[in-house]
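Chain residues, written in single-letter form:
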2 protein chains.
Amino acid sequence: MTKKDVFVLQDILLSNAQAAAAIRRELESRGILAVNLLSSPGAGKTTLLEALTDRLKGRARMAVIEGDIETERDAERIRARGVPAWQITTGGACHLEAKMVGKVLPSVPTDIDFLFIENVGNLVCPAGYDLGERLRVVLLSSPEGDDKPKKYPKAFATANVLVLSKSDLRPHVSFDVEKARAEALSLNPKLEVFVVSSVTGEGLDDLVAFLFRVRGEIAARA
Amino acid sequence: MTKKDVFVLQDILLSNAQAAAAIRRELESRGILAVNLLSSPGAGKTTLLEALTDRLKGRARMAVIEGDIETERDAERIRARGVPAWQITTGGACHLEAKMVGKVLPSVPTDIDFLFIENVGNLVCPAGYDLGERLRVVLLSSPEGDDKPKKYPKAFATANVLVLSKSDLRPHVSFDVEKARAEALSLNPKLEVFVVSSVTGEGLDDLVAFLFRVRGEIAARA
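### What to know about the sheet that holds strand β2 (residues 62-68) of chain A
Residues and elements named next belong to chain A.
Then step 1. The strand order across the open sheet built from seven strands is β3-β2-β4-β1-β5-β6-β7, with neighbouring strands paired in parallel fashion. Either end of the sheet is taken by a strand with one partner, and the two such strands are β3 (85-89) and β7 (192-195). Each neighbouring strand pair of the sheet contributes to a mean axis angle of 20°, computed without reference to strand direction.

Right, dumping it as structure tokens:
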């Protein structure tokens, strides 16, 4: 297979599923692990990406696509750490779609190991849109409450990974980790669950090791 | 004006705007203040309603309509405090619509003072749907971060009231009240802003006094 040195995803008439499949093929053929981050607003997606940036520095190359309704704020936070980042502003739309990602992809370097896509902060609508990711990561922060999986089931049912974020705030809120984990697993027994604090660093090593393992599987097939 | 003793909103073919207008007319003709609560998942809408239930007990009659994608959990929490509550489960839809409220309304007692409608936890989509409320209250909790108003502008631009919730967690998170307030007011200079903790009670008296004042204005015109 010959690989051009830019991503080529020109057919904007593709359906979301077709566009997502094309993105996944293109990324995986290059050994890139694409991760779609999904959560409520303020559950800590960007802060987790900042922490991952620090942990991956010198060990892997990464890029970030940020989705927001308005503002470049999240992309600026990532760029401030020396990582290339592109902001998609949806102008009102409540989720990213694969075609939005496809339009940005030709700008993204092809020699990266990880492509993180931070979705619009919304625990509902993004769950319906495949972006071509290999891993869908849903974050649930401890201040949000342990009752959320069954109230917002699709995000948890369609994810590969659950990050129980902001674990450092648990002493100050009512959040039962085992209850949240069990409820999420009842919706999706295959979920990989990590209890993480981007502030204290809890759980980050395990999450990074997992990301490297999945990336290694993709690279081995590429 | 004669008032039947049940709400009558039968025409399910009305547009959302028409249905909302009919609901508003019907409620306000009875002197009822309708409040639409809108926020991210886990920003504290139900907990605020529980706190308001306690504060209004013996002073006013209230009812609650709960919106969720799945589960009766929130309605059960309200009923446990002796307040009538109806659960609308949207079965996947990311927001309430006026017609959903209109279908529940015939079950709601007509001799109440306050009707609280808790929307699906979503800071994006519910902002586009008038439910017939007189007051739209958006909650922003301190763990979510003070950068949210401009990232999710429609919710803040269309609300009447901003509740900066979970103020008790401020010592443990990075949240600048004045920055959040100023940014929200830049989107919507008419916002009434309350800094509230449903745990410590901070700000609840002011919020309740405001609700009684608006309810009094409606009752005076009914």
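### Comments concerning the packing of helix α2 (residues 45-56) of chain A against helix α8 (residues 204-221) of chain A
Packed helices, taken two at a time, are described by the angle their axes make and the gap between the axes.
Residue and element names in this part refer to chain A.
Then step 1. Between α2 and α8, whose axes approach to 11 Å, the crossing angle comes to 70°. Viewed along their axes, α2 and α8 adopt a mutual orientation that is roughly perpendicular. Note on element contacts: α8 touches α2 through L204, D205, L207, V208, L211 and F212, opposite L48, A51, L52, R55 and L56.

### Here's the deal with the side chain of E66(B)
Then step 1. By the secondary structure assignment, E66(B) is in strand β2 (residues 62-68).
Then step 2. One buried charged residue, E66(B), remains without a salt bridge, the closest side chain of opposite sign being K151(A) at 6.5 Å.
Then step 3. Look past the residues within four positions of E66(B) in its chain and what remains in contact with it is T46(B), L49(B), D74(B), A75(B), I78(B), W86(B), Q87(B), I88(B) and E118(B).

### Some words on the confidence of the model for chain A
Then step 1. Per-residue pLDDT for chain A averages 94, and the proportion of residues at 70 or more is 94%.
Then step 2. This prediction of the complex comes with two scores: 0.93 for pTM and 0.92 for ipTM.

### Structural notes on the state of the cysteines
All names here are of chain B.
Then step 1. Inspection of every chain in the model, using the stated rule, returns zero disulfides over all chains.
Then step 2. Unpaired in this structure, C125 has its nearest cysteine sulfur neighbour in C94, at a distance of 3.5 Å.
Then step 3. Taking the relative accessible area as the measure of exposure, C125 reaches 12% and is therefore buried.

### Observations concerning the side chain of R30(B)
All names here are of chain B.
Then step 1. Relative to the helices and strands, R30 resides in the loop between α1 (16-29) and β1 (33-38).
Then step 2. Given the relative accessible area of 14%, R30 is considered buried.
Then step 3. Side chain to side chain, R30 and E26 meet in a polar contact 3.4 Å long.

### Structural notes on the relation of the copies chain B and chain A
Then step 1. Here chain B sits on chain A after a turn of 180° about the axis and a move of 0.0 Å along it, with an RMSD of 0.0 Å. Viewed as a symmetry operation, the transformation between the two copies matches a two-fold axis.
Then step 2. Counting the interface residues of chain B, we find that 100% of their copies in chain A are interface residues as well, pointing to one common contact surface.

### Details of the environment of M100(A)
Residue and element names in this part refer to chain A.
Then step 1. Within the secondary structure, M100 sits in helix α4 (residues 98-104).
Then step 2. Since its relative accessible area comes to 24%, M100 is described here as partly exposed.
Then step 3. It is 8.8 Å that separates the C-alpha atoms of M100 and L131, two residues lying 31 residues apart in sequence.
Then step 4. Apart from residues no more than four positions distant in its own chain, M100 is found in contact with I88, T90 and H95.

### Observations regarding the interface of chain B and chain A
Size of an interface, as often reported, equals the accessible area lost when the parts are brought together.
Then step 1. Tallying the contact residues gives 31 residues for chain B and 31 residues for chain A.
Then step 2. Looking at the side of chain B facing chain A, the largest losses of area belong to P41(B), R73(B) and K151(B), adding up to 25% of the total buried there.
Then step 3. There are six salt bridges connecting chain B and chain A.
Then step 4. When the shortest N-O distance is used, the salt bridge between D68(B) and K151(A) registers 3.7 Å.
Then step 5. Linking chain B to chain A there are eleven residue pairs in polar contact (both at pLDDT 80 or more).
Then step 6. Counting only elements with at least two residues in the side of chain B that touches chain A, the list comes to α3 (73-79) and α5 (148-151) of chain B.

Calculation rules
- Sequence positions are assigned chain by chain, starting from 1 and proceeding in written order.
- Labels follow written order: the first chain is A, the first ligand is 1, and so on.
- Since the coordinates come from a predicted model, pLDDT governs what is reported: local features require at least 70, and pairs of side-chain atoms require 80 or more to be given and counted, while whole-chain, interface and lining totals use all residues.
- For side-chain calculations, the full set of non-hydrogen atoms in the structure is used, while hydrogens and water are omitted.
- The pairing criterion is simple: DSSP has to find at least two bridges between the two strands.
- Going along the chain from the N terminus, every DSSP run of H or I of four or more residues is numbered as a helix, and every run of E of two or more is numbered as a strand.
- Axis geometry follows a simple rule: fit a line to the C-alpha atoms, using only the stretch in contact for helices, then measure angles between N-to-C directions, giving values from 0 to 180 degrees.
- Reported orientations rely on four angle classes, namely roughly parallel under 35 degrees, roughly antiparallel over 145, roughly perpendicular from 65 to 115, and oblique for the rest.
- Two residues qualify as a contact provided that any one of their heavy atoms is within 4.5 Å of a heavy atom in the partner residue.
- Only protein chains enter the calculation, and the probe is 1.4 Å; a residue is then buried if its accessible area is under 20% of its type maximum, exposed if over 50%, and partly exposed in between.
- Only four residue types enter the charge count, namely Lys and Arg as positive and Asp and Glu as negative; His and the chain termini do not.
- Each salt bridge in this description consists of a side-chain nitrogen of Lys or Arg and a carboxyl oxygen of Asp or Glu lying within 4 Å of one another.
- As a per-residue measure, pLDDT tells how confident the predictor is, with possible values from 0 to 100.
- In this description, the term disulfide denotes a pair of cysteine sulfurs within 2.5 Å.
- N or O atoms closer than or at 3.5 Å make up a polar contact, with two conditions inside protein: a donor-capable atom paired with an acceptor-capable one, and, for residues adjacent in sequence, both atoms drawn from side chains.
- Least-squares fitting of one copy onto the other uses the C-alpha atoms of those residues that reach a pLDDT of at least 70 in both copies.
- By buried area we mean the combined loss of accessible area, with a 1.4 Å probe, across both parts when two parts are placed together.

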